Amino acid sequence: MKKNKKSPAIILLVLIILVGLFVSLIGFITDFLWFKELNYVSVFFTKLFTQLKIGIPAFVIITLLAYLYLKILKRGYFKKVQSNEAANEKALNRIALGLSAIFGALISTTVASNLWFQILQYLNSTNFDVKDPLFGNDVSFYVFKLQFISGLNSMGLGLIVAFAILTLIFYTALLSFRKPQFFEGTEADSDPTYGENDNVRQGNFGKSRFGGPFGDIFDKLNEAMGGQGSTGRPIRRKKSFDDNNFKQLLSIASKQISILGVLFFLMVGVNFMLKQYTLLFTSSGGAVYGAGFTDVNVTLLLYRALMVLSVVSAIVFAIGISKKKYRVILTVPVVMIAMGFLGTGVTVLVQNLIVSPDEINKESEYLRNNIKYTQMAYNLQDVTVKPFAASNTLSKDDILNNVETISNIRINDYDPAQKFYGQTQSIRSYYAFNDVDVDRYLINGEYTQTFLAAREIDETKIRAEWLNKHLKYTHGYGITLSRVDKVTASGQPDMLISGIPPVSQVEEIEITRPEIYFGEFTNNYVLTNTNEEEFDYPNGNENKYTTYEGHAGIKMNPLNRLMFAIREQSLKLLVSTNITSDSKIIINRNIEQRVKKLMPYLEYDQDPYIVTADGKLYWMIDAYTVSRNYPYSEPFTETGHNYLRNSVKVVIDAYNGDTFFYLVDDKDPIATTYQKIYPKMFKDFKEMPEGIQSHIRYPNKLFNVQANVYKRYHMNDVKVFYQDEDLWDIANEIYGTDEITITPNYYIMKLPGETSAEFVNTIPYTPKNKKNMTGLLVARNDGDNYGKLVLYQLPKDKTVYGPMQIEAQIDQNTEISKEFSLWNSSGSKYSRGNLFIIPIEQSLLYVEPVYLEATNSSIPEVKRVIVAYGDKIAYKETLSEALDSLFGNNSTIKAEEPGNGGQQPQNASPDQMSVSELILKANEEFELAQNAQRNGDWASYGEHITALEKYLKLLSPNETAQQQAQAE
């Protein structure tokens, strides 16, 4: 007797299935290896284990319930319909078990995949200790629990519909097992052995046309649908039922249909119950965001009436099915639909005829809720309001007593600084600075505001070869750092850290690990410790090479090489001889993508910033907790969220990629809940190294949202709020040559009434549609004052110049406008920097740098500084000169030690001047010559013409080329 050999086709099919399973799991396995590398294994398995904890019990319970349900259906069916139950029992049980398992798998998978995180939030929810004014629930109910309960209710409705479909499928199977009656001329008449050989008719389920353990079941279903029998010939059946088929079926399944219908209407009632809570964070288009007069007195009552009618519908449905009065069951649903339309009409009538004519009185209670809860949602309830006289009484002594403020006034801007870095500090074409970050450091013992930028490799600027992108050019190198308050003789940033390797002019800052393997431009995976040395940095005509010494990366053993080759779709990862068993692959190097993959439930700031501490480089990213379900809080237009906190700071080691999440606001219930869910991920703020702690910033993104919300929600009086009597705008300014809305600016300054300077960001307000200034909002950044907001409220009984009024004074100044026009018509263009508003004592000082850029140059240079105070404007080459002209000579003498009050003296000889400087000098000499001519001073006229000729000669093409060559 020959042994049965497995078909090669079956073996091949099994192998294909196994390979397919392996490939489908590669993403999961490689992600696990990455989380393991970062010591976040528990974070990685939180989702999986939670889904298994939910899915497995749900599968078992739902499968058992479904199986018992189908058994009950089968028993009830056979009581009313004659059939050979004994012969069909085994097959029907298999059908019931198979359908139940499929049903349980679908439902449990859906629940586990869609609700797992909502379940964790529900179980770990933290109270806000704030109750909503309508239902008296803690805000945590709306933020953490309502979404889960609503999702569960939706799943319940879906489950009922699924049970109805399951019932229909099983009854179809049951009908197929009734004893068949055949027409003449069918298979039974033509085949005398049909009764002996047809397995299905004789109840012999060991063999079937379809084969397999469930083949007999498929045969039955196939026959029921008019298919072929086990012999392969068509079978024709007589009708199993007469014209009363459906009524008979309804009679058989009446109990099941009744139960499902009752549950369905009860779940609809639960849906209306949950819907009433959403009134607290939706807008009905009235004066109030959240539940207003119409919502509370009409819509809420409508929802509750529909809840009652849903229960009535359930009862009527059960009665109608039991008494076979099928039209009755539609009565109440029709009434519910009619009530919904009627309620909508009543809502419109009440809003327009009752509320709108007396809106202030009808909505006052709800407007009060709107103000209170919006302030709490955006953390604006504790803004300290301080009156600020804006008295214009500054003296020279006041300036001298605020040296820390004066010496940190920023006369550089982000864009010009970035252009300068890109032109002078890139060194090679493949290096780039993504942006410029502002921070503060101790510079020679002084608390100083600085610009920093990370020098990264722009992967689009290197040859697109696999070896270059993944083995050779693996990292950026170093940072640049400059003061914001000083420029060189040519008007460019005064560098404190520059060059490759980075050379520091500051004794407090030394960078010993300048390599940047993780950054904003690092989008490719790289391989380290290979046989190919990594490019480190350029050194003259040669390049320096290095081997990675950090601990980032996943070992490239043979199995990992195979998996990552499939993951990255790169055969070179598998066959490259440069990769050894000691090699590592580093993935997810882009810092923004990195943090989102680790913790996707936070919102992240789009402006990471580089920090240097203890000789190393770190990235810091501000992370936010958000919600859309805070009662009565009006959402911010751009995001749609109505709750916002910056409760988490993320720190990423630029060399090793270590990523840490620090909880800086343990009073934020959302962040605290996340910490309960992921205890290994969120660290306490005190665990952050001190060198990094000193560089946390109050983020401009959060401050900008708060400032925009506060434009209206600073009004606490309901009537004033309703009438928008004191509505504010964020002030505008001229930046470059265009009018724009002011964004928050960072400063180091001594706030009025404080004893020392601190790092702050500010934003100015003007009254709605007016130009004068009404307030200055300040966010404090240092130490125990971190996060405190202060509003310096300006007097309403006098006009305090706003930024655009100062800009208008600048435009109207004849000296300034004349020079601007001259610059723009002589091969160069000017641009204006940010207008800085500096509160000193009880007065305001306005400072604006002016840039000059030659048309053949892309590096703007600071050429003038404008200082406005009261009705006076100073327009000078340096900040110290401008202040001296307003407050007397040597008014910044202390600020000039060891510097010079904002700009180094411009004493360079003509041969050492840049093109833009020569243009500036030529313009000055031309203007002076014109003035001398008008005054009849021909001697001076001749001197200025001679000087003009000298500058023009230096600007000639040959001279300019020679000069540039010397500079290079």
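Within any chain, residue numbers begin from 1 and follow the written order of that chain's sequence. It should be noted that, the model being predicted, local features are given only for residues of pLDDT at least 70 and side-chain atom pairs only at 80 or more, the latter also being counted only at that level, while totals for whole chains, interfaces and linings use all residues. Note that the side-chain values use all heavy atoms of the structure and ignore hydrogens as well as water.

## Digging into the overall build of the chain
Part 1 of the argument: When helices and strands are counted, the chain shows 30 helices and 33 strands.
Part 2 of the argument: By the burial criterion, 52% of the 968 residues in the chain qualify as buried.
Part 3 of the argument: If you take every contact in the chain between residues at least 6 apart in sequence, the share linking residues at least 24 apart comes to 68%.
Part 4 of the argument: Using a 1.4 Å probe, accessible areas were evaluated by the Shrake-Rupley method; residue-level cover was limited to the displayed protein chains. Carbon together with sulfur atoms contributes 54% to the accessible area of the chain, which is approximately 45000 Å² in total. Note on conventions: DSSP H or I runs of at least 4 residues are helices, E runs of at least 2 residues are strands, and numbering of each starts at the N terminus. Think of it in three bands: with a 1.4 Å probe and only protein chains considered, a residue is buried below 20% of the maximum accessible area for its type, exposed above 50%, and partly exposed in between. For this analysis, residues touch if any pair of their heavy atoms sits within 4.5 Å.

## A word on the pattern of salt bridges
Part 1 of the argument: Salt bridge, as applied in this entry: a Lys or Arg side-chain nitrogen positioned within 4 Å of an Asp or Glu carboxyl oxygen. Here the structure, examined in full by the defined rule, presents 27 salt bridges.
Part 2 of the argument: Note that Arg-567 is salt-bridged to Glu-568, the shortest N-O span being 3.5 Å.
Part 3 of the argument: Note that Arg-780 is salt-bridged to Glu-754, the shortest N-O span being 3.5 Å. Residue Arg-780 is found in strand 27 (residues 775–780), and its partner Glu-754 is found in the loop between strand 25 (745–749) and strand 26 (758–767); the two are separated by 26 residues along the sequence.

## Observations concerning the sheet that holds strand 11 (residues 526–528)
Part 1 of the argument: What the 3 strands build is an open sheet, ordered 11-15-14; its pairing is antiparallel. One side of each edge strand has no neighbouring strand; the edge strands of this open sheet are strand 11 and strand 14 (554–555).
Part 2 of the argument: Here strand 11 runs beside strand 15 (residues 584–586); their pairing, made up of 3 bridges, is antiparallel. Within the sheet, the bridge partner assigned to Val-526 lies in strand 15 and is Ile-586. Note: two strands are recorded as paired if DSSP finds a minimum of 2 bridges between them.

## Focus on the nonpolar core
Most often, soluble globular proteins keep nonpolar side chains buried together rather than apart.
Part 1 of the argument: For the purposes of this section, nonpolar cores are sets of buried Ala, Val, Leu, Ile, Met, Phe, Trp, Tyr and Cys residues that join through side-chain atoms within 4.5 Å. The biggest cluster of nonpolar side chains holds 174 residues, and the ones touching the most others in it are Leu-573 and Phe-661.
Part 2 of the argument: For this core, the element with the highest residue contribution is helix 4 (residues 139–175), accounting for 16 residues.
Part 3 of the argument: Those residues in contact with Phe-661, other than ones at most four positions away along the chain, are Tyr-40, Val-595, Leu-598, Met-599, Leu-602, Tyr-604, Val-648, Lys-649, Val-650, Met-681, Phe-682 and Lys-683.
Part 4 of the argument: Counting residues in hydrophobic clusters, the runner-up holds 50 residues, among them Phe-388, Ile-399, Ile-810 and Val-865.

## Things to note about the sheet that holds strand 4 (residues 446–454)
Part 1 of the argument: Pairing is antiparallel in the open sheet, where 5 strands are placed in the order 3-4-7-8-9. Each edge of the open sheet carries a strand with a single partner, namely strand 3 (437–443) and strand 9 (503–504).
Part 2 of the argument: Examined bridge by bridge, strand 7 (residues 479–487) and strand 8 (residues 493–498) share 3 bridges and lie antiparallel to one another. Its bridge partner lying in strand 8, Val-487 is registered against Pro-493.

## Section: the layout of surface pockets
Part 1 of the argument: In this analysis, the protein atoms alone were mapped onto a 1 Å grid. Cavities are point sets where a 1.4 Å probe fits without being able to get out; pockets are open sets with protein on both sides within 12 Å along at least five of seven lines; lining residues have an atom within 4 Å of a point. Grid points are joined across faces, edges and corners, and a volume is the space filled by probe spheres set on the points. Size it by volume and the largest pocket reaches roughly 1100 Å³.
Part 2 of the argument: Lining the largest pocket we find 40 residues, and of these Asn-379, Val-664, Asp-665, Lys-667 and Tyr-786 sit closest to its centre.
Part 3 of the argument: Contributing elements (two or more residues each) for the lining of the largest pocket: strand 19 (643–653), helix 21 (669–677) and helix 23 (700–713).
Part 4 of the argument: The class makeup of the residues in the lining of the largest pocket is 18 nonpolar, 11 polar and 11 charged. Side-chain classes are defined by residue name, with Ala, Val, Leu, Ile, Met, Phe, Trp, Tyr, Cys and Pro counting as nonpolar, Asp, Glu, Lys and Arg as charged, and the others, Gly among them, as polar.

## Some thoughts on the environment of Leu-134
Part 1 of the argument: With respect to the helices and strands, Leu-134 occurs in the loop between helix 3 (85–124) and helix 4.
Part 2 of the argument: Counting along the chain gives 143 residues from Leu-134 to Tyr-277, while the straight-line C-alpha distance between them is 9.1 Å.
Part 3 of the argument: Discounting chain neighbours no more than four positions away, the residues touching Leu-134 are Leu-280, Ala-291 and Val-296.

## A word on the packing of helix 1 (residues 8–37) against helix 18 (residues 558–567)
Part 1 of the argument: In this description, a line fitted to the C-alpha atoms serves as the axis of each element, helices being fitted only across the stretch in contact, and the angle between N-to-C directions of two axes falls anywhere from 0 to 180 degrees. Here helix 1 crosses helix 18 at 110°, and the two axes come no closer than 9 Å. Our classification of the angle between helix 1 and helix 18 gives roughly perpendicular. Where helix 1 approaches helix 18, its residues Phe-22, Val-23, Ile-26, Gly-27, Ile-29, Thr-30, Asp-31 and Leu-33 are matched on the opposing element by Leu-559, Asn-560, Leu-562, Met-563, Phe-564, Ile-566 and Arg-567.
Part 2 of the argument: Partitioned by chemical class, the residues of the contact of helix 1 with helix 18 number 10 nonpolar, 3 polar and 2 charged. Under this scheme an angle from 65 to 115 degrees is roughly perpendicular, one under 35 degrees roughly parallel, and one over 145 degrees roughly antiparallel; angles in between are oblique.

## Focus: the side chain of Lys-649
Part 1 of the argument: On the secondary structure map, Lys-649 appears in strand 19.
Part 2 of the argument: Its relative accessible area of 1% is what places Lys-649 among the buried residues.
Part 3 of the argument: Among the polar contacts made by the side chain of Lys-649, one reaches the main-chain carbonyl oxygen of Arg-697 at a distance of 2.7 Å. We call two N or O atoms a polar contact when they sit within 3.5 Å, provided that within protein one can donate a hydrogen and the other can accept it, with sequence-adjacent residues counted only if both atoms are side-chain atoms.

## A look at the packing of helix 1 against helix 20 (residues 591–598)
Part 1 of the argument: Between helix 1 and helix 20, whose axes approach to 12 Å, the crossing angle comes to 100°. One way to sum up the angle between helix 1 and helix 20 is to call them roughly perpendicular. Touching Asp-31, Trp-34 and Phe-35 of helix 1 are Arg-594, Lys-597 and Leu-598, all from helix 20.
Part 2 of the argument: Along the lines of polarity and charge, the residues of the contact of helix 1 with helix 20 split into 3 nonpolar, no polar and 3 charged.

## Quick look at the confidence of the model for the chain
Part 1 of the argument: The pLDDT averaged across the chain works out to 84; a share of 84% of its residues lies at or above 70.
Part 2 of the argument: As a per-residue measure, pLDDT tells how confident the predictor is, with possible values from 0 to 100. Across residues 895–907 the pLDDT falls below 50, and counting only partners more than four positions away or on other chains, this stretch makes 31 contacts in the model.
Part 3 of the argument: Confidence drops under a pLDDT of 50 for residues 958–968, and excluding neighbours within four residues, the segment shows 12 contacts in the predicted structure.

## Some words on a nonpolar patch on the surface
Part 1 of the argument: A surface patch of nonpolar side chains, about 740 Å² in accessible area, is lined by Ile-10, Ile-11, Leu-13, Val-14, Leu-15, Ile-17, Leu-18 and Leu-21.
Part 2 of the argument: Relative to the elements of secondary structure, Val-14 occurs in helix 1.
Part 3 of the argument: We classify Val-14 as partly exposed; its relative accessible area is 42%. A patch is a set of surface residues, each over 30% in relative accessible area and not in a salt bridge, joined within 9 Å for like charges and within 5 Å for the nonpolar side chains Val, Leu, Ile, Met, Phe, Trp and Tyr.

## Re helix 16 (residues 414–424)
Part 1 of the argument: Of the positions making up helix 16, those classed as buried are Pro-416, Ala-417, Phe-420 and Tyr-421. The buried residues of helix 16 occupy one face: seen down the axis, they fall within an arc of 135°.
Part 2 of the argument: Against strand 4, strand 7, strand 8, strand 23 (732–735) and strand 31 (843–854) lie the buried residues of helix 16. The reported arc concerns the directions from the helix axis to the C-beta atoms and nothing else.

## Re the pairing of strand 27
Part 1 of the argument: Of all 6 residues in strand 27, 6 are buried; the element is thus mostly enclosed.
Part 2 of the argument: Side-chain alternation along strand 27 places Gly-775, Leu-777 and Ala-779 on one buried face and Leu-776, Val-778 and Arg-780 on a second face that is also buried.
Part 3 of the argument: Sheet topology note: the strand 26/strand 27 ladder contains 6 bridges and is antiparallel. Across the sheet, Tyr-765 pairs through a bridge with Gly-775, a residue of strand 27.
Part 4 of the argument: When strand 27 meets strand 28 (residues 789–793), the two strands line up antiparallel, connected through 5 bridges.

## A look at the environment of Asn-590
Part 1 of the argument: Tracing the backbone through its elements, the reader meets Asn-590 in the loop between strand 15 and helix 20.
Part 2 of the argument: Taking relative accessible area as the criterion, Asn-590 reaches 7% and is therefore assigned buried.
Part 3 of the argument: Between the alpha carbons of Asn-590 and Tyr-517 there is a distance of 9.2 Å; along the sequence they are 73 residues apart.
Part 4 of the argument: Discounting residues that sit within four places of it in the chain, Asn-590 has contacts with Gly-519, Glu-520, Thr-522 and Asn-523.
Part 5 of the argument: Looking at Asn-590, its side chain comes within polar contact range of the main-chain oxygen of Glu-520, at 3.2 Å.

## Focus: unusual backbone geometry
Part 1 of the argument: The omega angle of the peptide bond from Ile-500 to Pro-501 is -10°, so this bond is cis rather than trans.
Part 2 of the argument: With respect to the helices and strands, Pro-501 occurs in the loop between strand 8 and strand 9.
Part 3 of the argument: Within the chain, Asp-129 stands out as a residue other than glycine whose phi angle is a positive 60°.
Part 4 of the argument: Residue placement: Asp-129 occurs in the loop between helix 3 and helix 4.
Part 5 of the argument: Phi at Ala-390 takes a positive value of approximately 50°, unusual for a residue other than glycine.
Part 6 of the argument: As for its position among the elements, Ala-390 is in the loop between strand 1 (384–387) and helix 14 (396–400).

## What to know about the packing of aromatic side chains
Part 1 of the argument: Here is the rule: rings of Phe, Tyr and Trp (six-membered ring for Trp) pair when centre to centre is within 6.5 Å. Planes less than 30 degrees apart are stacked, more than 60 are edge-to-face, and the remainder are tilted. Per the stated rule, a full pass over the model turns up 53 aromatic pairs.
Part 2 of the argument: A ring pair is formed by Trp-116 and Phe-117, whose centres lie 5.5 Å apart and whose planes are at 70°; its orientation type is edge-to-face. Note on accessibility: Trp-116 and Phe-117 belong to one class, buried.
Part 3 of the argument: Put simply, the rings of Phe-28, Phe-32, Trp-34, Phe-35, Phe-44, Phe-45 and Phe-49 pair up and form one aromatic cluster.

## Considerations on the side chain of Gln-675
Part 1 of the argument: Summarising the element assignment, Gln-675 is placed in helix 21.
Part 2 of the argument: Reaching out from Gln-675, the side chain makes a polar contact with the side chain of Asp-684 at a distance of 3.4 Å.
Part 3 of the argument: Residues within four places of Gln-675 in sequence aside, it is in contact with Leu-663, Phe-682 and Asp-684.

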